[in-house]
Each structure stands twice: as C-alpha cells, then as structure tokens.
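Understanding the architecture of this molecule
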Amino acid sequence: MYSRVYVEITNICNKSCSFCPGHKRAPRRMTEEEFEKVTDSLLGHTQYIYYHLMGEPLTHPQLARFIRIAGNKGFKSAVTTNGTLLEGIGDSLIEAGVYKVNISVHSFEGEDGEKYEEYIRTCLDFADRASAAGVLVVLRLWNKGHDGGRNGDILSRMKERFGDCEWHFSERGARIRHKLHLEYGDRFAWPDMEAEDGGERVFCYGLSDHFAVLCDGTVVPCCLDNNGTLALGNIFDSPLEDILRSEKAQRIAEGFKAHTVAEELCRKCGYARRFK
C-alpha cells in the first residue's frame, strides 16, 4: 500500500508564485464523476489522498464535497494550499472533515503592504481555528535562501499569535502546539528537460511510497511531474492495477531501487538530488 497518492483535482491556480514552474497543459477541473472513479480506483492502494500537484485546490468549487466523498470511502484528505482563499473557504474544509492542511506561507514572498498583512492574518486565523478543531495544520516555509528576510517577520508574527504555546524547535521546524506545526524546507528545482543533467545516480520515492493522478486522469510516477511527461496511462481508460504493473512503471520503480534512473526527466530533477 502506498503512503499517499496525489490527486490533482484542478491545474488552475489563482497565483503565479516564483517557486512554481507552472505547466503547459490545458486548464481543467476534475468533475465529481471523475473524482468518484479515481477514489474507487484508489481503494486498497492508500489511505491518504493529497489534493495537490499543480493548481490551487481551493479554487475548485467542489473541494469540500470531494473531501466528504473521500471520507465516506475511508480516505483521509490532505490539502496543500497557498492560503489566499482560506478566509472564504477554510471553514468548509474543517466541516467536511479534512485531515491535514499544508499552508505554503512563503507564497507571498516579495509582496508587501496591506495584502501581505491580510494574507498572514488569514493564514494564522485559519491555523488557529482548524488545529483547535482537530485538523493537522502545517505552516510551510519552503524557501530557504530565497525569503529576502521575510521569514523572520513571519516567524515573529507566529510567535506573537501563538506565543503561549509549546514551540518545540528542531532542525526541520517546530511543534507549536498539538496539531499545529511550522515546517522549514529548501527551495528546490523542479524537474525540467532543459535543466542540467544530474547524472544517472538518482533515487526517488516515486512509485515506492506515492504516485500521482493528474486532473485529466493521467497517472504519473511522482508529485513533481507537472506536465505529465512520464505518463504511465490514464485511470479513466485503464485499470489502475494494469497501469502500475506496466513495463514502464516497473522499469522506473526498479531503477530507483537500484539508485539509477530510467527516464531522462528524473536526471534533471533538483528535488531528487537531495537523496543522493
């Protein structure tokens, strides 16, 4: 069983963050019928669905409905968001039974003024409400070396808001209190066919502990294949078991186990290099 499966319910986003490569696919939202089919196909393969790859999941008008559908089938739903739409939609996620919400609070790096102030307030307000309601909330600062000094300000605001909490720090972040965490991370280079070749000695957890389903049903080996370059098949056309047992999928998976690479795109993935 996979530890998680990434399901991209939409590739549409309301921001153009500097750390995100975007994609070249046609804008699309997964329908409820399609989501039902995807989740039916995932039964027995994972307990955790992560609503992320490209796109901002909170732009999908049926997100809360999808979380309920998944929950009724025994899945736990984790949402990764830039946080900009939480004020209007956040409570519906809590009510729908979302298990985890990752908020990329570095999404507003480089912006100032009232919008920034409102953004931080909105993210921290939601984090407070959601974690108090039992939702696991992770405030992400995955921008080491690219924050322009902003991370210190964000951390100060967190401490001001949650100053009476535990604040157990570690190298990777902090446990602020029960169900509320701060997470540090490096900015990484997404896989890109035009990027520098990192060599054939590559390891990745793709197809060992996770895989992803794009919003058009395309199954890909990992959560960073933003354009579906390594498409293994389509979950709307073929049984998932056949896709995961395909020659291409097996070649990629066996290659990673041996710390070698079967596909050119994987040689050009900055994230995979951290596993060398």
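The structure we're discussing is the one just above.
Below or above, wherever it landed, is the structure these notes cover. (Residues numbered from 1 in each chain as written. Predicted model: local features only at pLDDT ≥ 70, side-chain atom pairs only at ≥ 80, totals over all residues. Heavy atoms only, no water.)

**Thoughts on the overall build of the protein**
Note the threshold: Strands are runs of DSSP state E lasting at least 2 residues, helices are runs of H or I lasting at least 4, and numbering of each runs from the N terminus. Radius of gyration here is computed from C-alpha atoms only, and the compact-globule reference equals 2.2 Å multiplied by the residue count raised to the power 0.38. Partly exposed residues are those whose accessible area sits between 20% and 50% of the maximum for their type, while under 20% is buried and over 50% is exposed, using a 1.4 Å probe and protein chains only. Any two residues whose heavy atoms approach within 4.5 Å at even a single point are treated as in contact. Counting rule for charge: Lys and Arg are taken as positive, Asp and Glu as negative, and neither His nor the chain ends is counted. Where a charge sits is defined by one atom per residue type, namely NZ (Lys), CZ (Arg), CG (Asp) or CD (Glu).
When you go through the protein residue by residue, the secondary structure sums to 8 helices and 11 strands. At 19 Å, the protein has a C-alpha radius of gyration in line with the 19 Å of a compact globule built from 276 residues. Overall, the C-alpha framework of the protein stretches about 55 × 40 × 35 Å when taken along its three principal axes. Here the protein holds 276 residues, and the buried ones make up 52% of them. The long-range share in the protein, meaning contacts at least 24 apart out of those at least 6 apart in sequence, stands at 69%. Across the protein, the 36 positively charged side chains and the 41 negatively charged ones have centroids separated by 3 Å.

**So, the sheet that holds strand E3 (residues 76-81)**
The criterion, for reference: DSSP bridges decide pairing: two strands pair if at least two such bridges lie between them. Lines are fitted to the C-alpha atoms to define the axes, a helix being fitted only along its stretch in contact, and any angle between axes, read from their N-to-C directions, falls within 0 to 180 degrees.
Spatial strand order, E6-E7-E8-E5-E4-E3-E2-E1-E9-E10-E11: 11 strands in an open sheet with mixed pairing. Of all the strands in the sheet, just strand E6 (168-170) and strand E11 (233-234) have a single pairing partner and so form its edges. Sheet strands touched by helix H4 (residues 113-132): strand E4 (100-104), strand E5 (136-144), strand E7 (173-177) and strand E8 (180-186). Its angle to E5, the strand with the most contacts, is close to 145 degrees.

**A few points about the pairing of E7**
Buried residues dominate E7, accounting for 4 of its 5 residues. With 3 bridges joining them, E6 and E7 adopt antiparallel strand pairing. Note that in E7 the partner of Phe169 across the bridge is Ala174. Two successive antiparallel strands, E6 and E7, enclose a turn made up of 2 residues. The hairpin formed by E7 and E8 contains 2 residues between the paired strands, and Lys179 there has a positive phi angle of roughly 75 degrees.

**Observations concerning the environment of Ala231**
Of note, Ala231 is situated in the loop between strand E10 (218-220) and E11. Judged by relative accessible area, Ala231 falls into the partly exposed class, the value being 31%. When the C-alpha positions of Ala231 and Val219 are compared, they lie 5.8 Å apart, and in sequence the two are 12 residues distant. Excluding residues within four positions of it along the chain, Ala231 makes contact with Thr218, Val219, Val220, Asp225 and Lys248.

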